[in-house]
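# Commentary on secondary and tertiary structure
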Amino acid sequence: MTKLNETGASNRQGASRQGSIGRAVGLIIKEVPALFPVTVFLAVFEAASPYIGLFLSSEIVTELSEKNREKEHLFFLAILLVTLNLVVNLLRAFLNQLQDVLKYKKMKLLEKSIAEKSWKMDYETTCDPRVHEKRNMMPHWGYDHGIVALAQQVSDFLCASFVIIISIVLVIEFFGARARGEGTIAGLLNHWMFPVVFILLFSLSAAYSIWSAAQVQKVTYQASKDKEKPNNLAVSIFESCCAEYQRGKDVRMFKAQGILQKKLADLYEHITQIQEKASRFARKRMALANLCSNLFNLFVYLCVGLKAIYGAFGAGSLIKYTGMVIQMGGGVEKLCNTVREFFQNKKYLDDYFEYLDMENQTAEGTLPVTDKIRQDYELEFRNVTFTYPGVESPSLSQVCCKLKKGEKVAIVGRNGSGKTTFIKLLCRLYDPQEGEILLNGTDIKKYRYEDYLEFFSTVFQDFSIFAFQLGENVAAESAYEEESVIRALENAGFGERLKTLPEGLHTQLYKYFYEEGVELSGGEEQKTAIARCLYKDAPYAILDEPTAALDPVAEADIYQRMNQFIQGKGAIYISHRLSSCHFCQRIMVMDGGKLVETGTHEELLATEGLYHKLWHAQAKYYQS
Ligand code: ADP
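Residues numbered from 1 in each chain as written. Predicted model: local features only at pLDDT ≥ 70, side-chain atom pairs only at ≥ 80, totals over all residues. Heavy atoms only, no water.

This part covers the sheet that holds strand S6 (residues 456–459). Sheets are built from strands that pair by backbone hydrogen bonding, the pairs being arranged parallel or antiparallel. The mixed open sheet is built from six strands, whose spatial order is S6-S7-S8-S3-S9-S10. Of all the strands in the sheet, the pair left with one neighbour each is S6 and strand S10 (594–599). Strand-to-strand twist of the sheet, defined as the mean angle between neighbouring strand axes without regard to direction, takes the value 15 degrees. (Pairing = 2+ DSSP bridges. Helix = DSSP H or I, 4+ residues; strand = E, 2+ residues; numbered from the N terminus. Axes fitted to C-alpha atoms, helices over the stretch in contact; angles between N-to-C directions.)

Structure follows, in structure tokens:
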């Protein structure tokens with residue numbers, strides 16, 4: 001079905017890859033339109049916040065150092081400083097909170113889109129371990145990467161840009177302020193080389209900080225990639241084997257705690273080692289970068305101090321100019337880091353859109369499965385050969401057969417002979433590599449997939465009962481017709497048990513979500529799954545050994561009962577117990593992926609082939 005390349009991505013993704021940033025921005029604007037405006041306002045206030053303190057403190061110190069200081073003006077400046085700081089900080093806190101809510105909303109929409117894609121994806125694709133890994137990774141982006149982080153990067157970019165613009169204006173003012181006097185120092189401070197040396201040192205210090213941060217980020221990114229696999233493994237061991245109560249039985253009976261603990265300890269040790277290595281590297285690099293920027297700050301204090309001493313500006317401006325250089329350094333660093341993160345984040349966006357863009361081959365069919373087809377149909381396997389991905393030998397070889405309207409067919413054979421694979425292909429969970437499967441003479445690939453699935457009602461060997469209410473499980477939806485659900489449950493042999501459930505159809509199954517949830521036995525689960533199959537009321541029913549946990553007599557009973565309730569419909573019964581199926585009009589015997597015999601029970605016994613051999617081998621167990 002979906003063809004995957006080396007990275008587990010589908011073939012037709014190249015075109016959308018270029019536009020992942022544009023698409024991410026588009027999604028934010030569409031789904032959470034308030035996020036960008038809030039981000040811009042927040043960036044403005046974040047950028048303005050330190051300058052309010054710098055400008056007004058500078059004005060206050062200037063006023064204080066004046067001989068004829070005006071008390072009213074001083075008082076006004078102090079009040080203005082406190083009020084502006086208060087207002088800006090309140091607005092920042094409010095916008096920050098609003099931004100968090102919007103980011104959270106986007107995060108949930110992101111998770112929803114991943115879940116929806118996973119449900120709609122071709123079944124075969126979901127079985128690919130590379131796709132599995134990709135999907136597991138995505139929810140772990142959290143707020144740090146991907147679309148949500150993009151909003152933060154826009155905010156950081158704008159904030160850094162505003163800071164740099166304000167600082168450049170102040171730097172020009174600083175260079176323009178001339179030192180007074182004729183001495184060497186005043187000469188040096190006024191020399192045209194002074195701004196050049198100043199900017200050169202500033203650039204060197206900023207470049208070193210940016211380079212160090214880039215190195216640290218590279219190592220951190222690699223470490224987080226290296227940790228992903230052991231982390232996922234540790235989480236799944238923890239969740240499925242330690243925290244999930246249903247597996248607790250086996251864990252206790254087989255004393256598996258030891259092996260689980262050892263596996264977890266090994267994984268945690270491995271994760272810690274990766275983390276420690278990255279942290280050591282980061283500490284060293286950042287210590288050197290800090291030293292470097294502090295040396296530059298020392299130089300700035302010296303220059304600004306000397307200019308003040310040599311009368312270029314008053315004591316108040318000293319605060320303003322030293323603050324401005326530090327702000328500018330931070331701004332440039334932030335801008336460069338944000339741009340780098342922005343491009344690095346593109347990888348996460350590409351991953352996300354690659355996942356969403358994986359195309360379903362099942363989506364290509366357009367023909368409707370009309371009511372006429374549902375009432376009068378013939379299914380045919382024509383020379384069908386199928387090999388599971390990553391496996392060498394085929395599980396089905398050159399299978400040819402027809403399934404006629406209303407016919408009850410049994411598929412029997414030893415374990416591993418290809419019975420379930422036959423069903424998976426019939427239900428289009430996989431497509432055959434060779435041959436065709438036809439519905440009324442048309443390749444099933446040409447039918448609308450949703451319509452085609454509606455044609456079958458199945459109970460798989462490994463069916464799933466969900467931790468929902470009983471009625472919801474049978475109807476597979478929340479709104480259902482109670483009478484039909486009860487009838488289906490009764491027909492599946494669940495009637496007596498239903499009477500004992502205090503909440504009836506509304507009984508919550510399992511204890512995952514509710515303490516009062518009811519646990520079902522293996523047999524009751526099977527009956528629920530069969531009721532779901534009956535409720536769907538599709539033209540064709542398939543029972544793929546869902547009764548394996550029942551004894552042969554109970555299995556035969558359920559199959560016979562099913563047979564009564566699906567009168568007029570086509571059905572396939574699978575069992576490795578031949579006695580359960582001999583009521584069927586036709587029995588197909590599979591062996592080693594091939595359809596080796598076909599006929600009625602009597603015909604097959606008479607031919608003395610594999611069926612005859614298996615029948616007599618099993619019969620001795622049931623003689624009494
Ligand atoms: P049956 O239903 O008759 O017991 P199956 O159809 O389940 O047999 O399996 C037929 C063969 O295909 C077996 O050899 C089995 O190991 C193999 N097989 C089944 N499912 C897969 C899979 N998902 N990937 C690879 N091989 C598989």
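Having seen the model, we can carry on.
Per the domain assignment, the segments making up the protein chain are domain 1 (1–177 + 332–359), domain 2 (182–312), domain 3 (371–464 + 540–622) and domain 4 (466–519). Of note, the centres of domain 2 and domain 4, computed from C-alpha atoms alone, are 54 Å apart. (Domains from an automatic or database assignment.)

Turning our attention to the pairing of strand S9 (residues 586–591). Most of S9 is tucked away, with five of its six residues classed as buried. In this sheet, S9 lies alongside strand S3 (residues 408–413) in parallel orientation, the contact comprising five bridges. Bridging from a neighbouring strand, Ile411 pairs with Met588 of S9. Summarising the sheet, S9 and S10 pair through five bridges and their orientation is antiparallel. Each bridged residue has a counterpart across the sheet, and for Met590 the counterpart in S10 is Leu595. Turn length for the S9-S10 hairpin, with the two strands adjacent in sequence and antiparallel, is two residues, and the turn residue Gly592 shows positive phi of about 55 degrees. (Buried < 20%, exposed > 50% of the residue type's maximum accessible area, 1.4 Å probe, protein only.)

This part covers the packing of helix H3 (residues 35–65) against helix H12 (residues 315–357). In the contact formed by H3 and H12, the axes pass within 6 Å of each other and the chain directions differ by 160 degrees. On the basis of the axis angle, H3 is roughly antiparallel to H12. Note that H3 runs across H12; the crossing there is right-handed. Residues Pro50, Tyr51, Leu54, Phe55, Ser57, Ser58, Val61 and Thr62 of H3 lie in contact with H12, whose contacting residues are Ala315, Gly316, Ser317, Ile319, Lys320, Gly323, Met324 and Gln327. Per-class residue counts for the contact of H3 with H12 are eight nonpolar, seven polar and one charged. (Parallel < 35°, antiparallel > 145°, perpendicular 65-115°, else oblique. Left-handed = near helix turned anticlockwise from the far one by under 90°. Contact = heavy atoms within 4.5 Å. Nonpolar A, V, L, I, M, F, W, Y, C, P; charged D, E, K, R; others polar.)

Residue placement: Gln99 occurs in helix H4 (residues 71–120). Dropping the residues within four chain positions of it, Gln99 is found in contact with Leu35, Val38, Thr39, Leu42, Gln152 and Ser155.

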